[in-house]
Structures are given as C-alpha cells and as structure tokens.
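For reference, the chains in residue letters:
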Amino acid sequence: TSITYASYVLMIKTATRRGYGARTILFYGLAVGTLCLAPLQRAETLQAVLRAPGIIPWLIALALVTLGAGLTFNAGLRDVPASSASIVATMEPLTAVVLGWLILSESMDGLQVLGALCILWSVTVLQLQRVKRHGKHGAP
C-alpha cells in the first residue's frame, strides 16, 4: 500500500500542475479505486448493510468526511511539497487511534501508545530537519 499511496500523491501533484482541480482529481482517484476494489467485495457484505438500514446514515457521514478530507488534501498539494504532505499524512493512523480511544472507548495497550509516540517523534524530527534546512516555512 505504501507504493500505491506514494504514487497517488505524486499523481495528484502532477495533475495539479497540469491544471486539474481537486474535485476532478479526487473523482478520478475514487473511480479507479472503486473499479479496482469492487470486484473484491463479497455479496454477503452488501446484503448485511442492506439488512441494517440504521448503518446507512453512518456510511453517508463517513463518505462526506472522506470526501472533505480528500478534497482538502488534494487542494493542499497545490501549494505544499509532496514530501511535506506525506510526512503530515502519517499522523492519520495516530488520529484514528486517539479518536477511537476518546469517542468509542477503545482500549490502547502499551504497544499502541509506543507506536503513537514513535509517529509523533518521527514527524517532529522530520519537520524540524526541514525547517533547519529550508528556513521557517520549510520551503524547498
């Protein structure tokens, strides 16, 4: 997945330079993802969702949040180097773990806390190195 993610970020950057907007890039990215993943889905999964209509509003909310995040990320790549965006994006799993702990009362064991601290430390070190090399704003 890291290769596909890195490729996606570079493709967004290239498409942005060619004048495509964040919505267009996201539309094509989601379309390709859907075409690639849809054949891998099981019919039982779709049937389970349809049998539990109370879940549909949650899926719609999740879709809207995902669209908002994707649009923001794609638009941000217009002005931010791909390397910086990728570094900051590594905070995503940490954010998911913390929100799961806060909102869903999921437990965090020692290894998860250690992993979260490693992510924070890594992002901080990389950003400090960038600032040191390129000045206050980290521009290349």
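Residues numbered from 1 in each chain as written. Predicted model: local features only at pLDDT ≥ 70, side-chain atom pairs only at ≥ 80, totals over all residues. Heavy atoms only, no water.

Thoughts on the pattern of salt bridges
Right, so step 1: The final tally for this structure, using the stated rule, is one salt bridge.
Right, so step 2: For Arg-42, the salt bridge identified is with Glu-44, shortest N-O distance 3.7 Å.
Right, so step 3: On the basis of relative accessible area, Arg-42 is assigned to the exposed category, the value being 56%.
Right, so step 4: For Glu-44, a relative accessible area of 47% puts it in the partly exposed group. (Salt bridge = Lys/Arg side-chain N within 4 Å of Asp/Glu carboxyl O. Buried < 20%, exposed > 50% of the residue type's maximum accessible area, 1.4 Å probe, protein only.)

Remarks on the environment of Leu-59
Right, so step 1: By the secondary structure assignment, Leu-59 is in helix 4 (residues 56-76).
Right, so step 2: According to the relative accessible area criterion, Leu-59 is partly exposed, its value standing at 40%.
Right, so step 3: As a C-alpha pair, Leu-59 and Val-88 span 29 residues in sequence and 26 Å in three-dimensional space. (Helix = DSSP H or I, 4+ residues; strand = E, 2+ residues; numbered from the N terminus.)

Some details on the layout of surface pockets
Right, so step 1: Space inside the second largest pocket adds up to approximately 530 Å³.
Right, so step 2: Along the wall of the second largest pocket there are 14 residues; nearest its centre are Leu-62, Val-65, Thr-66, Ala-96 and Leu-99.
Right, so step 3: Mapped by element, the contributors of at least two residues to the lining of the second largest pocket are helix 4 and helix 6 (91-103).
Right, so step 4: If one sorts the elements of the lining of the second largest pocket by residue count, helix 6 sits on top with seven residues.
Right, so step 5: Considering only residue class, the lining of the second largest pocket consists of 10 nonpolar, three polar and one charged. (1 Å grid on protein atoms, 1.4 Å probe; cavity = no way out; pocket = protein on both sides within 12 Å on 5 of 7 lines; lining within 4 Å. Points joined across faces, edges and corners; volume = space filled by probe spheres on them. Nonpolar A, V, L, I, M, F, W, Y, C, P; charged D, E, K, R; others polar.)

Thoughts on a nonpolar patch on the surface
Right, so step 1: Judged by side-chain polarity, Leu-30, Leu-46, Leu-50, Ile-55, Ile-56, Trp-58, Leu-59, Ile-60, Leu-62, Leu-64 and Leu-67 come together as a nonpolar surface patch covering roughly 1,100 Å² of accessible area.
Right, so step 2: Counting residues per element, the ones that place at least two in the nonpolar patch are helix 3 (43-51) and helix 4.
Right, so step 3: For the nonpolar patch, the element with the highest residue contribution is helix 4, accounting for seven residues.
Right, so step 4: Mapping Ile-55 onto the fold places it in the loop between helix 3 and helix 4.
Right, so step 5: The exposure class of Ile-55 is partly exposed, given its relative accessible area of 37%. (Patch = residues over 30% accessible without salt bridge, like charges linked within 9 Å, V, L, I, M, F, W, Y side chains within 5 Å. Areas by Shrake-Rupley, 256 points an atom, 1.4 Å probe, with all protein chains shown as cover.)

Structural notes on the nonpolar core
Right, so step 1: By size, the foremost hydrophobic cluster in this structure holds seven residues: Val-9, Ile-12, Ala-15, Ile-25, Leu-77, Ala-82 and Ala-85.
Right, so step 2: Put simply, the parts of the chain that give this core at least two residues each are helix 1 (2-17) and helix 5 (82-89).
Right, so step 3: Tallying contributions element by element places helix 1 first for this core, with three residues.
Right, so step 4: For Ile-12, the residues in contact, after removing those within four places along its chain, are Ile-25, Phe-73, Asn-74 and Leu-77. (Core = buried A, V, L, I, M, F, W, Y, C linked by side-chain atoms within 4.5 Å. Contact = heavy atoms within 4.5 Å.)

Remarks on the side chain of Lys-13
Right, so step 1: Examined against the element boundaries, Lys-13 turns out to sit in helix 1.
Right, so step 2: In this structure Lys-13 is buried but unpaired, with Asp-79 as the nearest side chain of opposite charge at 7.2 Å.
Right, so step 3: Those residues in contact with Lys-13 that sit more than four places away from it in its chain are Leu-77, Arg-78, Val-80, Pro-81 and Ala-82. (Lys, Arg positive; Asp, Glu negative; His and termini not counted.)

A closer look at the side chain of Asn-74
Right, so step 1: Note that Asn-74 resides in helix 4.
Right, so step 2: Residue Asn-74 is classed as buried on the basis of its relative accessible area of 2%.
Right, so step 3: Other than its neighbours up to four places away in sequence, Asn-74 contacts Tyr-8, Ile-12, Thr-16, Ala-22, Ile-25 and Leu-26.

Everything listed here is a matter of geometry and, on its own, says nothing about what the molecule does.
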